[in-house]
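Residue-level structure breakdown
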Amino acid sequence: GENVEQHPSTLSVQEGDSAVIKCTYSDSASNYFPWYKQELGKGPQLIIDIRSNVGEKKDQRIAVTLNKTAKHFSLHITETQPEDSAVYFCAASRTNAGKSTFGDGTTLTVKP
Amino acid sequence: GAVVSQHPSWVICKSGTSVKIECRSLDFQATTMFWYRQFPKQSLMLMATSNEGSKATYEQGVEKDKFLINHASLTLSTLTVTSAHPEDSSFYICSATGTPNSGANVLTFGAGSRLTVL
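An account of the accompanying structure is given in this report. As the structure is a computational prediction, the values presented were derived from the model and not from experiment.

1. Side note on the pairing of strand 4 (residues 32–38) of chain A
The two faces of a sheet get side chains in turn, since along a regular strand they alternate between them. Residue and element names in this part refer to chain A. Where burial is concerned, most of strand 4 is hidden: 7 out of the 7 residues are buried. The two faces of strand 4 match: Tyr32, Pro34, Tyr36 and Gln38 on one face and Phe33, Trp35 and Lys37 on the other face are all buried. Between strand 4 and strand 5 (residues 45–51), which pair antiparallel one after the other, the connecting turn spans 6 residues, and glycine 41 there sits at a positive phi close to 80°. Sheet topology note: the strand 4/strand 9 (residues 86–92) ladder contains 4 bridges and is antiparallel. Across the sheet, residue tyrosine 36 finds its bridge partner in strand 9, namely phenylalanine 89.

This is the structure we're talking about:
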């Protein structure tokens, strides 16, 4: 089955700096790679996703890159703000509506 | 956008009792719903996949007689934790997807239900 590894487990940055979270996956058949933000006591919220036919996608301060050959993808957050503080999960699945395998999560803390 | 509502958001029950958690898709028909369990500071662990009108598919190690899942309509799935014990205390989360043209063709998560068994 699919195995997703996520690093780092914790990340602390100063407000305004950039944050990068990396994930690797094992199943070459995976084609859909979403990133979720989870705030304390709440369910995960999709913040950005990328499909295997695209190498990079950007939405304002958030970007995701995918290297399908190397089986890794990364989340980039620029100009971080305190409200970006949360747990971020990457995931991989064969379809955008199918069963996903999640990384272990990264706790991001943005210091004002 | 697609909205998934989960109820209750938190519940406290006595050991040995059963608890039902509801997951509703509010503005789309959910052809598939997923149930997860999340322990503190850990990732989401998939428990089962539920398709409307058919039996749920449970992940390895998840007791189907312990965690009863019903997906009787295209907008509602329920998870019943039977004869709950303190070790069942956890954060339970559902997610749902709809048909490709429903506007909900990616996973939409509920807000989660915190279960505490005394």
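2. Considering the interface of chain B and chain A
In this complex, chain B contributes 18 residues to the contact, which on the side of chain A involves 19 residues. Summed over both sides, the interface of chain B with chain A buries roughly 1,300 Å², with 58% coming from carbon and sulfur. On inspection of chain B and its partner chain A, the count reaches 1 salt bridge. Lysine 99 of chain A is the partner of glutamate 59 of chain B in a salt bridge, and the nearest nitrogen-oxygen pair spans 3.2 Å. Seen at the junction of chain B and chain A, the total is 4 residue pairs in polar contact (both at pLDDT 80 or more). Elements supplying a minimum of two residues to the side of chain B that touches chain A: strand 4 (32–38), strand 5 (45–51) and strand 9 (90–97) of chain B. For the side of chain B that touches chain A, the class distribution of residues is 10 nonpolar, 7 polar and 1 charged.

3. Observations concerning unusual backbone geometry
Residue proline 8 of chain A is reached from histidine 7 of chain A by a cis peptide bond, and omega for that bond is -5°. Within the fold, proline 8 of chain A resides in the loop between strand 1 (4–7) and strand 2 (10–14). In this structure, proline 8 of chain B follows histidine 7 of chain B across a cis peptide bond, with omega equal to 0°. In this structure, proline 8 of chain B sits in the loop between strand 1 (4–7) and strand 2 (10–13).

4. Thoughts on the state of the cysteines
Tallied over the full model, the rule gives 2 disulfides over all chains. A sulfur-sulfur separation of 1.9 Å characterises the disulfide bridge that pairs cysteine 23 of chain A with cysteine 90 of chain A. One quick way to see it: the torsion about the S-S bond of cysteine 23 of chain A and cysteine 90 of chain A is about -100°, and its sign makes the bridge left-handed. Of this pair, cysteine 23 of chain A sits in strand 3 (residues 19–25) while cysteine 90 of chain A sits in strand 9, placing them 67 residues apart in sequence. Taking relative accessible area as the criterion, cysteine 90 of chain A reaches 0% and is therefore assigned buried. Bridging cysteine 23 of chain B to cysteine 94 of chain B, the disulfide has an S-S length of 2.0 Å. One disulfide, between cysteine 23 of chain B and cysteine 94 of chain B, carries an S-S torsion of 80° and so falls in the right-handed class. One end of the pair, cysteine 23 of chain B, is in strand 3 (residues 19–25); the other, cysteine 94 of chain B, is in strand 9, with 71 residues separating them in the sequence.

What counts, and where the lines are drawn
Residues numbered from 1 in each chain as written. Chains lettered and ligands numbered in written order. Predicted model: local features only at pLDDT ≥ 70, side-chain atom pairs only at ≥ 80, totals over all residues. Heavy atoms only, no water. Buried < 20%, exposed > 50% of the residue type's maximum accessible area, 1.4 Å probe, protein only. Helix = DSSP H or I, 4+ residues; strand = E, 2+ residues; numbered from the N terminus. Pairing = 2+ DSSP bridges. Contact = heavy atoms within 4.5 Å. Buried area = accessible area lost by both parts, 1.4 Å probe. Salt bridge = Lys/Arg side-chain N within 4 Å of Asp/Glu carboxyl O. Polar contact = N/O pair within 3.5 Å; in protein donor to acceptor, adjacent residues only side chain to side chain. Nonpolar A, V, L, I, M, F, W, Y, C, P; charged D, E, K, R; others polar. Disulfide = S-S within 2.5 Å.

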